[in-house]
Amino acid sequence: MYGNTQYLAHLIQRVTGGELFLIQTEARYPADYDATVTQGDKEGKAKARPKLASHIENIADYEIVFLGFPNWWYDMPMALYTFLEEYDLSGKTVIPFSTSGGSGFSDTVSSIQSQEPKAKVVTNGLTVLDSNVANSKFEDIDKWVKSLGLSF
Ligand SMILES: Cc1cc2nc3c(=O)[nH]c(=O)nc-3n(C[C@H](O)[C@H](O)[C@H](O)COP(=O)(O)O)c2cc1C
């Protein structure tokens, strides 16, 4: 089963022909939704840096990074901070996309730019409500990607 953000990532991959990388933590989150919500809150308050389960060996090969995440407590999951601290995205174009229950990006786009001051973080990323994710189609994503004016 796909998560919401993962589903969008797959559509973006089909549109762009890029490569997928799953930001996954070593420790799995509880199966119980409310327990995960509580844990996410604690991790955010503690500024935790959960360990990642896998790593990118050839980050230098990529010029464009679509960075996707669910909104957790009006922020990114702390694992995204682990990721951004692990990789230097200087000079790359970073395109945020997110899913949420209503908060959209919150302040995450500027947080990404602060973490990666020398990256070009686009401000017209894509944020989709969780209730609309299943209705997102290839054509919608294609239109958005084309609006970014990138060349692959
Ligand atoms: C720990 C946690 C915290 C969340 N906090 C927010 C929030 O602050 N604002 C919001 O709109 N949605 C919030 N949500 C809802 C998720 O952002 C939303 O359901 C998202 O689409 C889940 O994506 P996923 O299936 O890729 O995990 C939260 C969900 C979790 C698990």
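Above this text sits the structure in question.
What counts, and at which threshold
Residues numbered from 1 in each chain as written. Predicted model: local features only at pLDDT ≥ 70, side-chain atom pairs only at ≥ 80, totals over all residues. Heavy atoms only, no water. Axes fitted to C-alpha atoms, helices over the stretch in contact; angles between N-to-C directions. Helix = DSSP H or I, 4+ residues; strand = E, 2+ residues; numbered from the N terminus. Left-handed = near helix turned anticlockwise from the far one by under 90°. Contact = heavy atoms within 4.5 Å. Nonpolar A, V, L, I, M, F, W, Y, C, P; charged D, E, K, R; others polar. Salt bridge = Lys/Arg side-chain N within 4 Å of Asp/Glu carboxyl O. Buried < 20%, exposed > 50% of the residue type's maximum accessible area, 1.4 Å probe, protein only.

A. Looking closely at the packing of helix α1 (residues 4-16) against helix α6 (residues 138-147). Taken N-terminus to C-terminus, the directions of α1 and α6 make an angle of 65°; their axes are 9 Å apart at the nearest point. The two elements α1 and α6 cross, and the hand of that crossing is right-handed. Across from L8, L11, I12, R14, V15 and T16 in α1, the residues of α6 making contact are F138, I141, D142, W144 and V145. Among the residues forming the contact of α1 with α6, the class breakdown is eight nonpolar, one polar and two charged.

B. Structural detail: the pattern of salt bridges. If you walk through the whole model with that rule in mind, you get three salt bridges. E85 is the partner of R49 in a salt bridge, and the nearest nitrogen-oxygen pair spans 2.8 Å. With R49 in the loop between α2 (33-45) and β1 (64-70) and E85 in helix α3 (residues 78-86), the pair connects residues that are 36 residues apart, well separated along the chain. Residue R49 is classed as partly exposed on the basis of its relative accessible area of 34%. The class for E85 is partly exposed, based on a relative accessible area of 48%. We note a salt bridge from K146 to D142, for which the minimum N-O separation is 2.8 Å.

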